[in-house]
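If you want the building blocks of each chain, they are given just below.
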Amino acid sequence: MAYNILSSNHDAEECVNDTMYLAWEAIPPKRPLFLGAYLSKIARNLSLKRWRAAGTAKRGGGQANLMLSELAQAIPTPRTSEDEFEYNLTVNAINQYLREMDANARVIFIRRYFFGDSVRDISNQFKASESKVKSMLFRARQKLKIYLEKEGVVV
């Protein structure tokens, strides 16, 4: 996941090391229910933070530019501290939307937008054409946008 976002082995390895260190520091008082998901979230957040700080876009970027630009049309980002409350409502609405999705569509959506897998990797994993995966992702984003608007989230 870190490599998918950063497109650099060195940076990805550092994020993995930082993830393990942060988990080591946090876990004794606070045990995660699902260790894999806990570690994935830490690694993803560190990778995105490093990607933003390093200006990876100037070096060609990885999947992060494309992944974030695809989602930008469906999900609003908080701009001020007042938006934080609405952001949390948005997160809850997205989680509910994901729970209601078809299992395959949900896995494809999460592989793309959480783990940062390329469309090609997803199509190979699911033995589907790239165009099918792209259309599934497009439809999922469109449905997400409609779902969020129905939930009162301004997109």
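For clarity, every value in this text was computed on a predicted model and none was experimentally measured.

Definitions and cut-offs
Residues numbered from 1 in each chain as written. Predicted model: local features only at pLDDT ≥ 70, side-chain atom pairs only at ≥ 80, totals over all residues. Heavy atoms only, no water. Helix = DSSP H or I, 4+ residues; strand = E, 2+ residues; numbered from the N terminus. Contact = heavy atoms within 4.5 Å. Areas by Shrake-Rupley, 256 points an atom, 1.4 Å probe, with all protein chains shown as cover. Buried < 20%, exposed > 50% of the residue type's maximum accessible area, 1.4 Å probe, protein only. Axes fitted to C-alpha atoms, helices over the stretch in contact; angles between N-to-C directions. Parallel < 35°, antiparallel > 145°, perpendicular 65-115°, else oblique. Nonpolar A, V, L, I, M, F, W, Y, C, P; charged D, E, K, R; others polar. Expected span 1.5 Å × (residues − 1). Arc of directions from axis to C-beta. Phe/Tyr/Trp six-rings, centres within 6.5 Å; stacked < 30°, edge-to-face > 60°. Lys NZ or Arg CZ within 6 Å of the ring centre and 35° of its normal. Core = buried A, V, L, I, M, F, W, Y, C linked by side-chain atoms within 4.5 Å. Left-handed = near helix turned anticlockwise from the far one by under 90°.

Draft legend 1. Highlighting the overall build of the chain. Within the chain, the regular secondary structure consists of eight helices and zero strands. Listed by position from the N terminus, the elements making up the chain come as α-α-α-α-α-α-α-α. Counting contacts in the chain only where the partners sit at least 6 residues apart, residues at least 24 apart contribute 61% of the total. By element, 54% of the accessible surface of the chain is carried by carbon and sulfur atoms, the whole surface being about 10,000 Å².

Draft legend 2. Representation of the environment of G152 within the structure. Mapping G152 onto the fold places it in the segment after α8 (130-150). In this structure G152 comes out as exposed when scored by relative accessible area, which is 56%.

Draft legend 3. How the structure looks around the packing of helix α6 (residues 103-113) against α8. α8 packs onto α6 with a crossing angle of 90 degrees between their chain directions and a minimal axis gap of 10 Å. Between α6 and α8, the crossing angle belongs to the class labelled roughly perpendicular. Across from A105, I108, F109, R112 and Y113 in α6, the residues of α8 making contact are V133, M136, L137, A140, R141 and L144. Grouping the amino acids of the contact of α6 with α8 by side-chain chemistry returns nine nonpolar, no polar and two charged.

Draft legend 4. Structural context of α8. With 21 residues, α8 ought to run about 30 Å at 1.5 Å a step, and its terminal C-alpha atoms sit 30 Å apart, in line with that. Listing the buried residues of α8 in full gives V133, M136, L137, A140, R141, L144, Y147 and L148. One face of α8 carries all of its buried residues, which in axial projection span an arc of 135 degrees. Opposite its buried face, α8 presents the exposed residues S131, K143, I146 and K150, each directed more than 90 degrees away. Backbone geometry just after α8 places G152 at a positive phi near 90 degrees.

Draft legend 5. Spatial organisation of the packing of aromatic side chains. In total, this model carries three aromatic pairs according to the counting rule given. On the basis of an interplanar angle of 45 degrees and a centroid distance of 5.6 Å, the ring pair of Y97 and Y147 is categorised as tilted. You can see Y97 sitting in helix α5 (residues 83-100) and its partner Y147 sitting in helix α8, a full 50 residues away along the chain. By the burial criterion, Y97 is buried, and Y147 matches it. Over the ring of F115 we find R111, and its NZ or CZ is 4.4 Å from the ring centre.

Draft legend 6. Representation of the nonpolar core in the model. Ranked by size, the top nonpolar core spans 19 residues in total, and within it Y97, M101 and F109 carry the most contacts. Here this core gets seven residues from one element, more than from any other, and that element is α8. Filtering out sequence-adjacent residues up to four positions away, Y97 remains in contact with A140, K143, L144 and Y147.

Draft legend 7. Up close: the packing of helix α2 (residues 9-26) against helix α3 (residues 35-54). One way to put it is that α2 packs onto α3 with a least axis distance of 9 Å and a crossing angle of 130 degrees. Considered as vectors, α2 and α3 are oriented oblique to each other. In the crossing of α2 with α3, the sense of the turn from one axis to the other is right-handed. Here D11, E14, C15, D18, T19, M20, L22, A23 and A26 of α2 come into contact with α3, specifically with Y38, L39, I42, A43, L46, S47 and R50. Tallied by class, the residues present in the contact of α2 with α3 amount to ten nonpolar, two polar and four charged.

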